[in-house]
Amino acid sequence: MTAVAGNLLLIVAVRTDKRLHTSMYTFLSSLSFLDILYTSTVAPNMLSNFLSLKKSISFAGCVIQVYFFLVLGETECFLLALMAYDRYVAICNPLHYNMIMNTMVCVRMISMAWLTGCIIAFLDTYFTFRLTYCGPNTINHFFCDGPLLMELSCSDVTSVNILKLVDTTISLFLPLSLILMSYLRIIITITTIHLGKNKAFSTCVSHLIVVVICYGTAMFIYIRPENSVSRDVDKMVAVFYTMITPMLNPLIYSLRNKDVHRAMRKLVGAK
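Per chain, residue numbering runs from 1 following the sequence as it is written. In keeping with the predicted nature of the model, local features appear solely for residues at pLDDT of at least 70, side-chain atom pairs appear and are counted solely at 80 or more, and the whole-chain, interface and lining totals rest on all residues. Water and hydrogen atoms were dropped before computing side-chain values, which therefore reflect all heavy atoms in the structure.

Named according to an unreviewed UniProt entry, the chain is Olfactory receptor originating from Staurois parvus. UniProt positions are given in the numbering used here, feature names are shortened, and annotations may be inferred rather than shown by experiment. Under the UniProt heading Subcellular location (unreviewed entry), the entry covering the chain gives this text: "Cell membrane". Its UniProt record gives the chain the following Sequence similarities (unreviewed entry) comment, quoted word for word: "Belongs to the G-protein coupled receptor 1 family."

Printed below as a string of structure tokens:
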């Protein structure tokens, strides 16, 4: 409830304050919308199972959960890369910023991020659920996750593992490379200016914090060697990136950004 309320408040604050109608806050609103869906994909079934003696999910429900979980996770990686590019243009090409990052360009970039996430997630989900599952169909987790499902399969998973490697490269390492290149150029530019260094970099701090949390947890879960940590540790990390991170994102952006902070205080009627 905190994650949904916080992100919804941030979206409404951005939409109602005309001073926040820029590409930077358009991306931020999209991230908040994504976080609402991200939490909603996992939390309802998890909370239902807390109150049930028989903790289960239907096969169709598992397919849907895996698909949307992948769509949202991969789209978030692309969206964070676009936000880094937006900061790069704002700091390194400030005179051309409004021309390069206009509203139509932002909408197209966000649409492409969602479309790419949907396509990659569809392929991943399709080939995962084409496998044969011989039982027992018991998942040691609080939601359906691709790697855990593959452990239940009695089919040859080599081709699926290759596909997942390609998917990971496209949805994780390519956006991360764009983020690193953007911030490298930002750092180089900031070192050459004499005034406004702190202000220029302060606009990037919140985004960097979210990037570190997002990519750090994703790499811990999906890039590390198998069986290097216990399932309990996996579940604790999963709680962090499915529940805690969507709850923290509005707080991180509102506390570090005076414009967002002012808009949210105005929305709730605080002086």
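**Student:** Pulling in residues and values, what's your account of the overall build of the chain?
**Tutor:** The helix count covers DSSP runs of H or I at least four residues long, the strand count covers runs of E at least two residues long, and both are numbered beginning at the N terminus. When its secondary structure is counted, the chain shows ten helices and zero strands. Sequence-ordered secondary structure for the chain, helices as α and strands as β, is α-α-α-α-α-α-α-α-α-α. By principal-axis analysis of the C-alpha atoms, the chain measures approximately 65 × 40 × 35 Å. Residues counted as buried form 46% of the 271 residues belonging to the chain. The buried label goes to any residue with under 20% of its type's maximum accessible area, the exposed label to any with over 50%, and the partly exposed label to all in between, with areas taken from a 1.4 Å probe on protein chains only.

**Student:** Lay out the pattern of salt bridges with the relevant residues and their values.
**Tutor:** One speaks of a salt bridge when a side-chain nitrogen belonging to Lys or Arg is within 4 Å of a carboxyl oxygen belonging to Asp or Glu. Counted under the stated rule, the structure contains four salt bridges. One salt bridge connects Asp86 with Arg87, and the closest N-O pair in it is separated by 3.0 Å. The pair Asp86 / Arg87 is uniform in exposure class, with both members buried. Between Asp124 and Lys164 there is a salt bridge, with its nearest N and O atoms 2.6 Å apart. Highlighted residues: Asp124 in helix 5 (residues 103–128) and Lys164 in helix 7 (residues 158–192), separated in sequence by 40 residues. Each member of the pair, Asp124 as well as Lys164, is classed as buried.

**Student:** So what about a nonpolar patch on the surface? Which residues, and what values?
**Tutor:** Nonpolar side chains collect at one region of the surface, where Met112, Leu115, Ile119, Phe122, Leu123, Tyr126 and Phe127 lie side by side and expose about 660 Å² of accessible area between them. Within the secondary structure layout, Met112 lies in helix 5. Think of a patch as exposed residues, more than 30% relative accessible area, with no salt bridge, where like charges cluster within 9 Å and nonpolar side chains (Val, Leu, Ile, Met, Phe, Trp, Tyr) cluster within 5 Å. Accessible surface area values rest on a Shrake-Rupley calculation with a 1.4 Å probe, where residue burial reflects the displayed protein chains alone.

**Student:** An account of the packing of aromatic side chains is requested, with residue identities and associated values reported.
**Tutor:** Two aromatic rings from Phe, Tyr or Trp, using only the six-membered ring of Trp, form a pair when their centres are within 6.5 Å; if the ring planes differ by under 30 degrees the pair is stacked, by over 60 it is edge-to-face, and anything between is tilted. The full count for this structure, using the stated rule, is eleven aromatic pairs. Between Tyr67 and Phe68 the ring centres are 5.3 Å apart and the planes differ by 75°, which places this aromatic pair in the edge-to-face class. Judged by relative accessible area, Phe68 falls into the partly exposed class, the value being 42%. Pairing Phe69 with Tyr241 gives two aromatic rings, centres 6.2 Å apart and planes at 45°, and the pair type is tilted. In this pair, Phe69 is assigned in helix 3 (residues 59–92) and Tyr241 in helix 9 (residues 231–256), connecting sequence segments 172 residues apart. By relative accessible area, which is 8% here, Tyr241 ends up buried.

**Student:** Outline the packing of helix 3 against helix 7, listing residues and values.
**Tutor:** Taken N-terminus to C-terminus, the directions of helix 3 and helix 7 make an angle of 15°; their axes are 9 Å apart at the nearest point. The angle between helix 3 and helix 7 falls in the class roughly parallel. Considering the relative orientation of helix 3 and helix 7, their crossing is left-handed. Between helix 3, through Glu74, Cys77, Phe78, Leu80, Ala81, Ala84, Tyr85, Arg87, Tyr88, Ile91 and Cys92, and helix 7, the contact on the second element is made entirely by Ile170, Ser171, Leu172, Pro175, Leu178, Ile179, Ser182, Tyr183, Arg185, Ile186, Thr189 and Ile190. Residues are sorted three ways: Asp, Glu, Lys and Arg are charged, Ala, Val, Leu, Ile, Met, Phe, Trp, Tyr, Cys and Pro are nonpolar, and all the rest, Gly among them, are polar. Broken down by class, the residue content of the contact of helix 3 with helix 7 amounts to 17 nonpolar, three polar and three charged. Orientation is described by lines fitted to C-alpha atoms, with helices fitted over the stretch in contact, and by angles between N-to-C directions that extend from 0 to 180 degrees. Here roughly perpendicular refers to angles of 65 to 115 degrees, roughly parallel to angles under 35, roughly antiparallel to angles over 145, and oblique to all remaining angles. It is the rotation of the near helix from the far one that decides the hand of a crossing: anticlockwise by less than a right angle makes it left-handed, clockwise makes it right-handed. Throughout, a residue-residue contact means that at least one pair of heavy atoms, one from each residue, lies within 4.5 Å.

**Student:** Summarise the packing of helix 2 (residues 23–50) against helix 3; cite the residues concerned and give the values.
**Tutor:** Their axes nearest at 10 Å, the elements helix 2 and helix 3 cross at an angle of 160°. Relative to helix 3, the element helix 2 is oriented roughly antiparallel. In this structure, helix 2 crosses over helix 3, and the sense of that crossing is left-handed. When grouped by side-chain class, the residues that make up the contact of helix 2 with helix 3 number 15 nonpolar, seven polar and four charged.

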